[in-house]
Amino acid sequence: MRRGGSEAEADPFEWDTAGFPTLFLGDVDCVTSQPLDEKVVRRLLLFGDGRFGRCARLLFYLYDMRQRHELCRASAARFRTRPDEAGRFVEVLNSERFKEALGHPDRADPESRASKYIASRLLPFLATSGCANTAFNPLRRRAAKGEMLAETGLRGVPSWFVTISPADFDFWVTIKLADMSVEPIHLPIRKRMDLTKDNPVAAAENFYILMEAVIEGLIGLPLALGHRETRKTEASGVFGRSHCLYGCIECQGRGALHMHAVLWAGMSPTLLEAIASDPALRKRAAEHLDSVVSTRVPADEIDRG
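To start, this report covers the structure provided alongside it. Since we're looking at a predicted model, the values are computed, not measured. (Residues numbered from 1 in each chain as written. Predicted model: local features only at pLDDT ≥ 70, side-chain atom pairs only at ≥ 80, totals over all residues. Heavy atoms only, no water.)

### Examining the overall build of the protein chain
Scanning the protein chain for helices and strands turns up 13 helices and 4 strands. In the protein chain, which comprises 305 residues, the share counted as buried stands at 31%. Long-range contacts, defined as pairs at least 24 residues apart, comprise 55% of the intrachain contacts of the protein chain with a sequence gap of at least 6. For the protein chain, the accessible surface area stands at approximately 19,400 Å², while carbon and sulfur atoms represent 58% of it. (Helix = DSSP H or I, 4+ residues; strand = E, 2+ residues; numbered from the N terminus. Buried < 20%, exposed > 50% of the residue type's maximum accessible area, 1.4 Å probe, protein only. Contact = heavy atoms within 4.5 Å. Areas by Shrake-Rupley, 256 points an atom, 1.4 Å probe, with all protein chains shown as cover.)

Structure below.
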């Protein structure tokens, strides 16, 4: 679910709630086949007993609907500005060879000639239709490489490589969002891990809260998920003067979220290279870096070991 934005910007979900009768448990007033506002859907996903957030079929349905809306909007905007592409796209779809490839029995095999031909004819339209800006789209990752190179050309080599990988099952916010009826302090770690794994909505909500605290509170940059955001003034954070952060969110084996990012902040690699031959400046730089980054073992880990 996308966070932020005004109510006017929210896209309605074409959600036929009658198709999920076990989620409403007799709440007939909630059953509707009318589009639901994004804020309403988000409140349902964070419902107290967590039954909406645990329903994999519902989550897939909402994700599929969100992606369809984003892709259709991007494609429509592209075809309005380049109507000739729409004509070429229709010609490809109506060509005899394309129809023959679609009807080929091996089209589902990605290594077959039919599959490769279909991809070769469709990918140019996907790559130029604006779909690369849609979150979690395979083309988004391909576009990310060019965007990172562009930032490097503008700002130079990044100063830091940052990984944010929280142990989400240790956060009480995650456990309470997953099931309001439990008390996290009384739950063993295996039970907390199961609750987090079974309710990805609660885990994602907690991850967003943590990302917002780290990026905006500690680093000093605006949190902009899925798109670029710039501002005229630059703030200072724990790494020094912050200029830009670019990262990607990934899932671990059990579905836990973590982020890898490159950060342009504080002392740049170009500056460090320039002062490397001066012992006095090199010492000052080392003292500054040591004041920013430290390595230690938490006290509870020492006691446990």
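Once the structure has been displayed, the description carries forward.
### Some thoughts on empty space enclosed by the protein
Counting across every chain of the model gives 1 cavity of 30 Å³ or more. In terms of lining residues, the largest cavity is bounded by Pro166, Asp168, Ala203, Phe207, Ala256 and Leu257. Looking at the lining of the largest cavity residue by residue, the class counts come to 5 nonpolar, no polar and 1 charged. (1 Å grid on protein atoms, 1.4 Å probe; cavity = no way out; pocket = protein on both sides within 12 Å on 5 of 7 lines; lining within 4 Å. Points joined across faces, edges and corners; volume = space filled by probe spheres on them. Nonpolar A, V, L, I, M, F, W, Y, C, P; charged D, E, K, R; others polar.)

### Topic: the pairing of strand E4 (residues 257-265)
Each regular strand shows side chains that alternate between the opposite faces of the sheet. Of all 9 residues in E4, 7 are buried; the element is thus mostly enclosed. Two elements, strand E1 (residues 160-164) and E4, share 5 bridges in a ladder whose sense is antiparallel. The residue of E4 that forms the bridge with Phe161 is Val262. Pairing geometry for strand E3 (residues 240-251) and E4, over 9 bridges, is antiparallel. Residue pairing for E4: Cys248 is matched across the bridge by His260. In sequence, E3 turns back onto E4 through a hairpin of 5 residues, with Gly255 there showing a positive phi of about 95°. (Pairing = 2+ DSSP bridges.)

### With respect to helix H2 (residues 38-45)
For H2, the set of buried residues is Glu38, Val41, Leu44 and Leu45. Here the buried residues of H2 occupy an arc of 120° about the axis, which is enough to place them on one side. Elements that come into contact with the buried residues of H2 comprise helix H3 (56-81) and helix H10 (200-219). (Arc of directions from axis to C-beta.)

### Description of the pattern of salt bridges
One pass over the structure, following the stated rule, counts 7 salt bridges. With a shortest N-O distance of 3.8 Å, Lys116 and Glu111 are connected by a salt bridge. (Salt bridge = Lys/Arg side-chain N within 4 Å of Asp/Glu carboxyl O.)

### A short note on the packing of H2 against H3
The interhelical angle for the contact between H2 and H3, taken along N-to-C directions, is 160°, at an axis separation of 13 Å. Looking at the two axes, H2 sits roughly antiparallel to H3. You can see that H2 and H3 cross each other, and the crossing is left-handed. Where H2 approaches H3, its residues Glu38, Val41 and Leu45 are matched on the opposing element by Leu58, Leu59, Leu62 and Arg66. (Axes fitted to C-alpha atoms, helices over the stretch in contact; angles between N-to-C directions. Parallel < 35°, antiparallel > 145°, perpendicular 65-115°, else oblique. Left-handed = near helix turned anticlockwise from the far one by under 90°.)

### Some points on the nonpolar core
Judged by nonpolar contacts, the single largest core of 16 residues is most densely connected at Met211, Phe239, Met259 and Leu263. Taken together, the elements giving at least two residues each to this core come down to E1, H10 and E4. At 6 residues, the largest contribution of residues to this core is made by H10. Excluding its chain neighbours within four sequence positions, the residues that come into contact with Leu263 are Pro158, Ser159, Trp160, Val162, Ile219, Leu221, Phe239, Cys244 and Leu245. Ranked by size, the runner-up nonpolar core spans 10 residues in total, among them Phe20, Leu44, Leu45 and Leu62. (Core = buried A, V, L, I, M, F, W, Y, C linked by side-chain atoms within 4.5 Å.)

### Brief notes about the packing of aromatic side chains
A full pass over the atoms with the stated rule returns 2 aromatic pairs. Geometrically, the ring pair formed by Phe47 and Phe52 is edge-to-face, given 5.7 Å between the ring centres and 85° between the ring planes. Phe47 gets classed as partly exposed once you look at its relative accessible area, which sits at 35%. By relative accessible area, which is 1% here, Phe52 ends up buried. (Phe/Tyr/Trp six-rings, centres within 6.5 Å; stacked < 30°, edge-to-face > 60°.)

### Some words on the packing of H3 against helix H4 (residues 83-94)
H4 packs onto H3 with a crossing angle of 110° between their chain directions and a minimal axis gap of 4 Å. By the angle between their axes, H3 is roughly perpendicular relative to H4. Here Arg78, Phe79, Arg80 and Thr81 of H3 lie close against H4, whose contacting residues are Pro83, Glu85 and Ala86. The residue inventory of the contact of H3 with H4, partitioned by class, reads 3 nonpolar, 1 polar and 3 charged.

### A word on the side chain of Thr174
Along the chain, Thr174 turns up in helix H8 (residues 172-178). A distance of 3.2 Å separates the side chain of Thr174 from the side chain of Asn206, its partner in a polar contact. Those residues within four positions of Thr174 in sequence are excluded, and the remaining contacts are Asp168, Thr196, Ala202, Ala203 and Asn206. (Polar contact = N/O pair within 3.5 Å; in protein donor to acceptor, adjacent residues only side chain to side chain.)

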